[in-house]
Amino acid sequence: PGYLVKVYLDTVLKKKQNRASWEWLVKRCQGAAQVADIIEQGGIQHFVVAKKWIYCLPPEPSPPFGKHYTRHLALLVVTDMELTPEKENLDAWYDIITPKHLDELYLIMSHAKGSSYRPDNIAYTRTGQFAFIDTEYPSRGPDFNSIRRHLRPSMLTYWDKLVKNGGKR
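What counts and what doesn't
- Residues numbered from 1 in each chain as written.
- Predicted model: local features only at pLDDT ≥ 70, side-chain atom pairs only at ≥ 80, totals over all residues.
- Heavy atoms only, no water.
- Helix = DSSP H or I, 4+ residues; strand = E, 2+ residues; numbered from the N terminus.
- Buried < 20%, exposed > 50% of the residue type's maximum accessible area, 1.4 Å probe, protein only.
- Patch = residues over 30% accessible without salt bridge, like charges linked within 9 Å, V, L, I, M, F, W, Y side chains within 5 Å.
- Areas by Shrake-Rupley, 256 points an atom, 1.4 Å probe, with all protein chains shown as cover.
- Salt bridge = Lys/Arg side-chain N within 4 Å of Asp/Glu carboxyl O.
- Pairing = 2+ DSSP bridges.
- Axes fitted to C-alpha atoms, helices over the stretch in contact; angles between N-to-C directions.
- Contact = heavy atoms within 4.5 Å.

Q: Would you mind going over the environment of K67 in detail, with residue names and values included?
A: Topologically, K67 is positioned in the loop between β3 (52-56) and β4 (74-79). A residue is classified by how much of its surface remains accessible, and K67, at 71% relative accessible area, is exposed. Through-space distance from the C-alpha of K67 to that of M155 is 51 Å; in sequence the pair is 88 residues apart.

Below, the structure is given as structure tokens:
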């Protein structure tokens, strides 16, 4: 209880961008650590990030040898952020977001980069904060456009001005 696991099944054969699955799990941990540092240093109140750990799998049992299986060496353990259902999350992005939220989000995104920071990857939690849950691309971005369509008109105007002015109101 309190944790979730991301695992690649041994029947998942392909590598992603020619990298083993464990490398992508490490990237998720690195991205989460970057966001956590920014949240702590910036005094961020409206956003949180899941803590993430790599759990190395034991050598046995291992999948059968053959072209239909891949040996994955690790899985990812994350804190359960108690996310709300998808509709409630999207409604929160439209109804709850304020200029303070957007100031904090801009600070995080501009320093942590990350190209997958959009409402389905920054989900509303039962505690009333937004949680960065997908931190797989810590060196890409930032992508300031992906949240635009989820903001109400007044917050969209504020966001566009914030991005245009490099974070200054």
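Q: I'd love a proper account of a nonpolar patch on the surface, names of residues and values included.
A: On the surface, a cluster of nonpolar side chains totalling about 330 Å² of accessible area is made up of V5, V7, L9 and V12. Residue position: L9 is located in the loop between β1 (3-6) and α1 (21-42). The exposure class assigned to L9 is exposed, which follows from its relative accessible area of 54%.

Q: Provide a residue-level description of the sheet that holds β3, including the pertinent values.
A: The strand order across the open sheet built from 3 strands is β1-β4-β3, with neighbouring strands paired in antiparallel fashion. Each edge of the sheet is formed by a strand with only one pairing partner; in this case those strands are β1 and β3. Across the sheet, the axes of successive neighbouring strands diverge by a mean angle of 30 degrees, strand direction being ignored. Relative to β4, β3 runs antiparallel, the two sharing 5 bridges. Bridge pairing in β4 links W53 to V77. The strands that α1 touches are β1, β3 and β4; relative to β3, the one it contacts most, it runs at about 155 degrees.

In short, shape yes, function no, at least from these values alone.
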